[in-house]
Amino acid sequence: MITDELLDAIRDFPVKREVEHCGDVHNVSPFDFYFDCPACGVKIKLRAFSGSPEIEDVFDAVLAWMHRAAEVQKCVR
Ligand SMILES: [Zn+2]
């Protein structure tokens, strides 16, 4: 079910995620599942692996479609 709330959430979706560790703030992709701290090497989980789809999953689906579309474009040309 597509709601106005979902569309707003997509419009407002951040283009980067800030992860703070070891006193530094790192900009990472909002789609990254993990962040590896370059200073201490610790792996931080960024995305929840919940059963219910999240906004990130909407983007994953759209990006997968765009990838397929780009492959078709390559064949057409
Ligand atoms: Zn660290």
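Just so it is clear, the model here is predicted, and its values are computed rather than measured.

**Things to note about the domain arrangement of the protein**
And then number 1: Segmentation of the protein into domains returns domain 1 (16-46) and domain 2 (50-77).
And then number 2: Computed from C-alpha atoms alone, the centre-to-centre distance between domain 1 and domain 2 is 24 Å.

**What about the pairing of strand β1 (residues 17-21)?**
And then number 1: The pairing of β1 with strand β2 (residues 24-28) spans 5 bridges and is classified as antiparallel. Looking at the pairing, R17 lines up with V28 of β2.
And then number 2: Where β1 folds back on β2, the antiparallel hairpin that results is connected by 2 residues, among which C22 adopts a positive phi of roughly 55°.

**Focus on helix α2 (residues 55-76)**
And then number 1: With 22 residues, α2 ought to run about 32 Å at 1.5 Å a step, and its terminal C-alpha atoms sit 32 Å apart, in line with that.
And then number 2: The buried count for α2 comes to 0 of 22 residues, which makes it a mostly uncovered element.

**Quick word on unusual backbone geometry**
And then number 1: Phi at C22 is positive, roughly 55°, even though this residue is not glycine.
And then number 2: Note on placement: C22 falls in the loop between β1 and β2.
And then number 3: C22 sits in the exposed class, given 11 other C-beta atoms within 10 Å.

**A look at the confidence of the model for the protein**
And then number 1: Chain-level pLDDT for the protein is 91 on average; 99% of the residues reach the 70-or-more range.
And then number 2: In the model of the protein, α2 stands out as the element of lowest mean pLDDT, 90, in contrast to β2, which has the highest, 96.

**What about the environment of D24?**
And then number 1: Relative to the helices and strands, D24 resides in strand β2.
And then number 2: D24 gets classed as exposed once you count the C-beta atoms within 10 Å, which come to 10.
And then number 3: A C-alpha to C-alpha distance of 11 Å links D24 and C40, two positions 16 residues apart in sequence.

**As for the environment of P53**
And then number 1: Along the chain, P53 falls in the loop between β4 (43-45) and α2.
And then number 2: Using a count of 10 C-beta atoms within 10 Å as the deciding quantity, one classes P53 as exposed.
And then number 3: Sequence spacing of P53 and A39 is 14 residues, and the spatial spacing of their C-alpha atoms is 32 Å.

Parameters at a glance
- Residues numbered from 1 in each chain as written.
- Predicted model: local features only at pLDDT ≥ 70, side-chain atom pairs only at ≥ 80, totals over all residues.
- Domains from an automatic or database assignment.
- Pairing = 2+ DSSP bridges.
- Helix = DSSP H or I, 4+ residues; strand = E, 2+ residues; numbered from the N terminus.
- Expected span 1.5 Å × (residues − 1).
- Buried ≥ 20, exposed ≤ 12 C-beta atoms within 10 Å, placed from the backbone.
- pLDDT = per-residue confidence, 0-100.

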